[in-house]
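A structural walkthrough
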Amino acid sequence: MSPKPQRPTQAEREEMARLLPVPAERDLPGRRHQLLKDHLVREIRHNTDAATARPRTRYRRRLAFMAIPLAAGAMALALATGGVLDQHSTAGPGSAMASGPSARGTSATPAAVLLDRIATVAAAKPAPAVRDDQYVYIASTIAFSIQDDGPTSPMRLDKLHKRQVWLSVDGSRPGLLREHGQSIPVGTDTGEGAVVSEGGASAKPVTPDHTPTLNNPTYRYLESLPTNPDTLLKKIYDETKGAGPGPDQEAFVTIGDLLREQLAPPKISAALYKAAAKIPGITVVNDAVDAAGRHGIAIARVHEGERTEWIFDKHTLEFLGERSVMIKDTPWGKKGQINATTAVLSRSVTDKPGQTHSRAS
């Protein structure tokens, strides 16, 4: 009998995929094709009537690395991480570069140390009392890359604008999205043409249109996630397998999405940060700027010439926003080109869509 053939590894499959000719129906550069896919996924999530909503991408991008002398950069990181610094890796990727949740660094990198500090701060916050009939409210300033003349046209950054979203705590009621002067029902199957009032009522009975997932969660779903970082990271890799540009980048982006436009219980937020520390290739950017002009320190990851960053306040370690930039010329973007910038301005729990302040307890 001939020996049993070995199945190719993930790295070998990815290499073979790069060498194969691109199918005729997918004649766009890989990055641009992924952006178009993300436009569709995001719109399905936020509006069952896609014709009424403006397309937008999932955030998978970040900020340009600002040149800081090595000594000054090391001092800034030491301040943010409580004085703990890895002398062998002040701004480089983690020591483990294999893909998947089992990849581990052999020492505490600056990014891992910083994320541990951020997780400690997050875990210390009081858990909010949240009812099923309430809404998670997020107000942001954002700008994404758009294409004016179809999928083959050059991409440019849209104008900064305000975005407000109200998401049902348990997913059983329609929420509301306000953006570009429009008010759009979101989160449930309200049907084409259904009207959602700011009290949450719709023109027909409300029925959930999905089972919550990591990429389409509710607050109640987030409450159910494991708090063990290893278990949580494995779940993220398992549920996003085959999606996005690669397993590590997709895991990083998935966690970033949960940080940006959701409200997670403190223990879950801490677990997400600790899980992110285990993703290969994360680094620290010592000075990053969000869409509101606020400077902070960032956790970053580079993929295909694009730097994706999560920006935190240097003193409080609160999450501020995200930004992405091309750090080298590619077929889909020039070095220095900003692909997205965001800033979270307000995050609370309200009694109804349209309400912008939490009800007093």
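Thresholds, definitions, all that
- Residues numbered from 1 in each chain as written.
- Predicted model: local features only at pLDDT ≥ 70, side-chain atom pairs only at ≥ 80, totals over all residues.
- Heavy atoms only, no water.
- Helix = DSSP H or I, 4+ residues; strand = E, 2+ residues; numbered from the N terminus.
- Buried < 20%, exposed > 50% of the residue type's maximum accessible area, 1.4 Å probe, protein only.
- Polar contact = N/O pair within 3.5 Å; in protein donor to acceptor, adjacent residues only side chain to side chain.
- Contact = heavy atoms within 4.5 Å.
- Pairing = 2+ DSSP bridges.
- Salt bridge = Lys/Arg side-chain N within 4 Å of Asp/Glu carboxyl O.

Details of the side chain of Thr-350
- Looking at where Thr-350 falls in the secondary structure, it is placed in strand β10 (residues 338–350).
- According to the relative accessible area criterion, Thr-350 is buried, its value standing at 0%.
- Within the structure, Thr-350 has its side chain in polar contact with the backbone oxygen of Lys-352 (distance 3.2 Å).
- When sequence neighbours within four positions are dropped, the list of residues in contact with Thr-350 reads Gln-134, Tyr-135, Tyr-137, Trp-166, Gln-355, Thr-356 and His-357.

Here's the deal with the pairing of strand β3 (residues 161–168)
- Across the eight residues that make up β3, a large majority, seven, are buried.
- Direction of pairing for strand β1 (residues 135–147) relative to β3: antiparallel, over a ladder of eight bridges. Residue pairing in the sheet places Ile-142 in a bridge with His-161 of β3.
- As judged from the four bridges shared by β3 and strand β4 (residues 175–179), these two strands associate in the antiparallel manner. Looking at the pairing, Trp-166 lines up with Leu-176 of β4.
- In textbook terms, the turn of a hairpin is the stretch between consecutive antiparallel strands, and for β3 and β4 this stretch comprises six residues, one of which, Gly-171, has a positive phi near 80°.

Here we look at the pattern of salt bridges
- Under the defined criterion, the tally for this structure stands at 15 salt bridges.
- Between Arg-220 and Asp-132 there is a salt bridge, with its nearest N and O atoms 2.5 Å apart. One end of the pair, Arg-220, is in helix α5 (residues 219–223); the other, Asp-132, is in the loop between α4 (110–123) and β1, and 88 residues separate them in sequence.
- The salt bridge partner of Arg-163 is Glu-261, with a shortest N-O separation of 2.7 Å. Taken together, the positions of Arg-163 in strand β3 and Glu-261 in the loop between α7 (247–260) and α8 (266–276) put the pair 98 residues apart, joining distant regions of the chain. For the pair formed by Arg-163 and Glu-261, the shared burial category is buried.

A look at α8
- Most of α8 is tucked away: nine of the 11 residues are buried.
- Buried within α8 we find Pro-266, Ile-268, Ser-269, Ala-270, Ala-271, Leu-272, Tyr-273, Ala-275 and Ala-276.

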